[in-house]
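Topology and contacts: notes
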Amino acid sequence: MRTRRTDGHQTRIAQHDPGAERSFGRPLRLSLAESVFGQALDGARAGTIWHEADAPEPSDPFLREFQTARGFREFCVLVLASGATERDVIELHFRDPRSERVHATLAAVLPTVARTWATRQFGIISRDVAFRRLDAAARGAAAPAAILGPMNPARLSRCEYRICLCLSRGLSVRGAASELGITETTVRSHLRSIYAKTQTASQAELLFRLIGTRVVETGSATLRYA
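These lines cover the structure that appears in this document, whether it is placed above or below. (Residues numbered from 1 in each chain as written. Predicted model: local features only at pLDDT ≥ 70, side-chain atom pairs only at ≥ 80, totals over all residues. Heavy atoms only, no water.)

1. Considering the pattern of salt bridges
Worth spelling out the cut-off: The salt bridge criterion pairs a side-chain nitrogen of Lys or Arg with a carboxyl oxygen of Asp or Glu, the two atoms within 4 Å. In this text, helices come from DSSP runs of H or I with a minimum length of four residues, and strands from runs of E with a minimum of two, each type numbered from the N-terminal end. Only protein chains enter the accessibility calculation, which uses a 1.4 Å probe; a residue whose area is less than 20% of its type maximum is buried, one above 50% is exposed, and one in between is partly exposed.
The final tally for this structure, using the stated rule, is 4 salt bridges. Between Glu-160 and Lys-197 there is a salt bridge, with its nearest N and O atoms 2.8 Å apart. With Glu-160 in helix 5 (residues 158–168) and Lys-197 in helix 7 (residues 184–198), this residue pair connects regions lying 37 residues apart in the sequence. Overall, Lys-197 belongs to the partly exposed group, its relative accessible area being 33%. Between Arg-174 and Glu-184 there is a salt bridge; the shortest N-O distance is 3.9 Å. Here Arg-174, found in helix 6 (residues 173–180), pairs with Glu-184, found in helix 7; they are 10 residues apart in sequence, far enough to count as distant.

Below is the structure:
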């Protein structure tokens, strides 16, 4: 779960909930972590565990309904990162009371998980969100022309094509600039040209197209640049 502070309030910008389709309860407006701990999480330290039992009584009326619908009895929050504007957490839900062994295991592995998260590949969340949106919106729809196909239908330049490849692998603008040895300003300048050639209006839309039309063509086709 990733949330971002906007106008003094935390807004959910990414979430992975594999059990959502099996839930009979109403969806939460934000997250259990935010609803239970509220502003106290603003001082959360990466690598720490926050237990529901240690928090005040939750004020969100949907919380108990959510837990009842899923068959949960308690939960805890694993803090991966907590900055001035964004926070990444894992919410672990339990159908039975946590044992001391489970608590000890979480306490032992979480610091390593948090350090690994801090050095993760930038853009991995955006890529995951784009994949899920693609699967939900484009299922059964006719695929548009493959931007990254060997025939290069958008007539991208060599550098524009390489930037698109970086984005399709989940790299951010910063990551693409670092891999290609150019500045972020240069990447953004190329992106404006890419948007025009691919008839997209934003990086999110471009990423959606890149992932949705990614194909592998074999044979003797030669990649054509504009």
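2. Comments concerning the pairing of strand 5 (residues 86–94)
Selection rule: Any two strands are treated as partners once DSSP identifies two or more bridges connecting them.
Inspection of the sheet shows strand 4 (residues 74–82) paired to strand 5 by 8 bridges, in the antiparallel sense. Looking across to strand 5, one finds that Ser-82 is bridged to Arg-87. Connecting strand 4 to the antiparallel partner strand 5 that follows it, the hairpin turn spans 3 residues.

3. A look at the packing of aromatic side chains
Which entries qualify depends on this criterion: Any two of the Phe, Tyr and Trp rings considered here, Trp counted by its six-membered ring, make a pair once their centres fall within 6.5 Å; the pair's planes then place it as stacked at under 30 degrees, edge-to-face at over 60, or tilted in between. Only when the NZ of Lys or the CZ of Arg is both within 6 Å of the ring centre and within 35 degrees of the ring normal is a charge said to sit over the ring.
As enumerated under the stated definition, the model contains 1 aromatic pair in all. Summarising the aromatic geometry, the rings of Phe-37 and Trp-50 are spaced 5.3 Å apart at their centres and angled 80 degrees between planes, so their arrangement reads as edge-to-face. Of the two residues, Phe-37 is situated in helix 1 (residues 32–37) and Trp-50 in strand 3 (residues 49–51); the sequence distance between them amounts to 13 residues. Under the relative-accessibility criterion, Phe-37 is labelled buried at 9%. Note that Arg-98 overlies the ring of Phe-94, its terminal NZ or CZ placed 6.0 Å from the centroid.

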